[in-house]
Amino acid sequence: MLFGLIVKRTDIRVFPTDEPSMSSPSNYEFDRFQHSSISPGSLIGIYHFSNDRLWAYVQTSFIRGWVRTTDLAIAKERKEALDYDEAKDRLVITGSFVKVFGDLSLRQIIFLAQMGTTFPILSQPEKTGITDPCYIIQIPFREVDGELTFRKGNIHKDEDVYYGFLPYTQENLARQAFKMIHQPYGWGEMFGARDCSRFIMDIFATFGIFMPRNSKLQARVGISLGQVEGMTIKEKQRVLDRAIPLATTLRLPGHIMLYLGKDKGKYYVIHNLSLIHI
């Protein structure tokens, strides 16, 4: 097996094709061949390539599938990729999306890094001097032959980032969740957006808690409150009264939400959804 790193945000597909699979011609927002997106800097194991070498079948930390070979870089040795992934001093992206630049003047955007992504940090603003008011991170780069090398990425000193993982508090959980309010929905992160389970995944990643990608598996993390199907409204309310706000996920078939708590007798959640049927 080869090892490498993802060099830019890319889609991971069920099959090695960009052709969509939809339940109907008009249902273009839900592509059944779309697994997820993979963030830059993600460690991958490469099983094999398509005959045309345009696609690679890879294993990530949470899913396997096909990615474009132009979006990955192959390490000469496994240790090279593992050392990058296991670097201790890391900068955590805590904003919804943060710009990463290739120059200190912060004019050339390399990519957008989404919440929960981490990078090895080379220098912090207060250590770079007055002329370099930015965080300097290490980012993977794909050479012309596909080989993995490393370059410097620059993030403005005022961007929404944090040195190391955030302290796990209800206040911080609320702040992270509401940073993504009014953001568009994207099934499997189509169109550069998020779906319901990626919303949950990105929130908890900023605390160093790595949730599964699938909502069904996410709902199994932690202590279960039990099934509420068939319960009366009063019985369901008693279950919610036992839930810990901002640390409890609530799942419907195919959908997951974060429980915010109870206020003036009403229960609140925050989530990312595509539409509501009334």
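Right above here is the structure, for reference.
Source: prediction; values computed, not measured.

Cut-offs and rules
- Residues numbered from 1 in each chain as written.
- Predicted model: local features only at pLDDT ≥ 70, side-chain atom pairs only at ≥ 80, totals over all residues.
- Heavy atoms only, no water.
- Salt bridge = Lys/Arg side-chain N within 4 Å of Asp/Glu carboxyl O.
- Helix = DSSP H or I, 4+ residues; strand = E, 2+ residues; numbered from the N terminus.
- Buried < 20%, exposed > 50% of the residue type's maximum accessible area, 1.4 Å probe, protein only.
- Core = buried A, V, L, I, M, F, W, Y, C linked by side-chain atoms within 4.5 Å.
- Contact = heavy atoms within 4.5 Å.
- Pairing = 2+ DSSP bridges.
- Polar contact = N/O pair within 3.5 Å; in protein donor to acceptor, adjacent residues only side chain to side chain.
- 1 Å grid on protein atoms, 1.4 Å probe; cavity = no way out; pocket = protein on both sides within 12 Å on 5 of 7 lines; lining within 4 Å.
- Points joined across faces, edges and corners; volume = space filled by probe spheres on them.
- Nonpolar A, V, L, I, M, F, W, Y, C, P; charged D, E, K, R; others polar.

## Points about the pattern of salt bridges
In total, this model carries 14 salt bridges according to the counting rule given. A salt bridge links Lys-179 to Asp-160; its shortest N-O distance comes to 2.9 Å. Of this pair, Lys-179 sits in the loop between α3 (170–178) and α4 (196–205) while Asp-160 sits in the loop between β13 (148–156) and β14 (161–163), placing them 19 residues apart in sequence. Classification of Lys-179 by relative accessible area gives partly exposed; the value is 29%.

## Some words on the nonpolar core
In this structure, Leu-91, Ile-93, Phe-119, Ile-137, Ile-155 and Val-161 are the most contacted members of the largest nonpolar core, which totals 21 residues. Taken together, the elements giving at least two residues each to this core come down to β1 (2–6), α1 (78–85), β8 (90–93), β9 (97–101), β10 (109–114), β11 (118–123), β12 (134–142) and β13. It is β12 that contributes the most residues to this core, 3 residues altogether. The contacts of Ile-155, once residues within four sequence positions are left out, are Leu-91, Ile-93, Val-98, Lys-99, Val-100, Cys-134, Tyr-135, Ile-137 and Val-161. Core analysis: the next-biggest nonpolar cluster, separate from the first, contains 16 residues, Met-115, Ala-177, Phe-204 and Ile-270 among them.

## A look at the pairing of β1
With 4 of its 5 residues buried, β1 lies for the most part within the structure. The sheet contact formed by β1 and strand β4 (residues 43–49) spans 4 bridges and is antiparallel. Across the sheet, Leu-5 pairs through a bridge with Leu-43, a residue of β4. One ladder, built from 3 bridges, connects β1 with strand β7 (residues 72–74); its direction is antiparallel. Residue pairing in the sheet places Ile-6 in a bridge with Leu-72 of β7.

## Here's the deal with the environment of Asp-158
With respect to the element layout, Asp-158 can be found in the loop between β13 and β14. The exposed category is assigned to Asp-158, whose relative accessible area is 58%. In sequence terms Asp-158 and Arg-251 are 93 residues apart; their C-alpha atoms lie 36 Å from each other. A distance of 3.4 Å separates a polar atom in the side chain of Asp-158 from a polar atom in the side chain of Lys-157.

## Quick notes on the layout of surface pockets
Considering only enclosed or pocket space, the largest pocket measures out at about 1200 Å³ in volume. As for the largest pocket, its lining consists of 35 residues, and the residues nearest its centre are Leu-225, Gly-226, Thr-249, Leu-250 and Arg-251. Mapped onto the lining of the largest pocket, the elements with two or more residues apiece are α5 (215–218), α6 (233–241), β15 (249–252) and β17 (266–270). Here the element with the most residues in the lining of the largest pocket is α6; it accounts for 5 residues. Residue classes in the lining of the largest pocket are distributed as 21 nonpolar, 8 polar and 6 charged. The volume enclosed by the second largest pocket comes to roughly 670 Å³. Going through the elements one at a time, β3 (34–38) and α4 are the ones with two or more residues in the lining of the second largest pocket.

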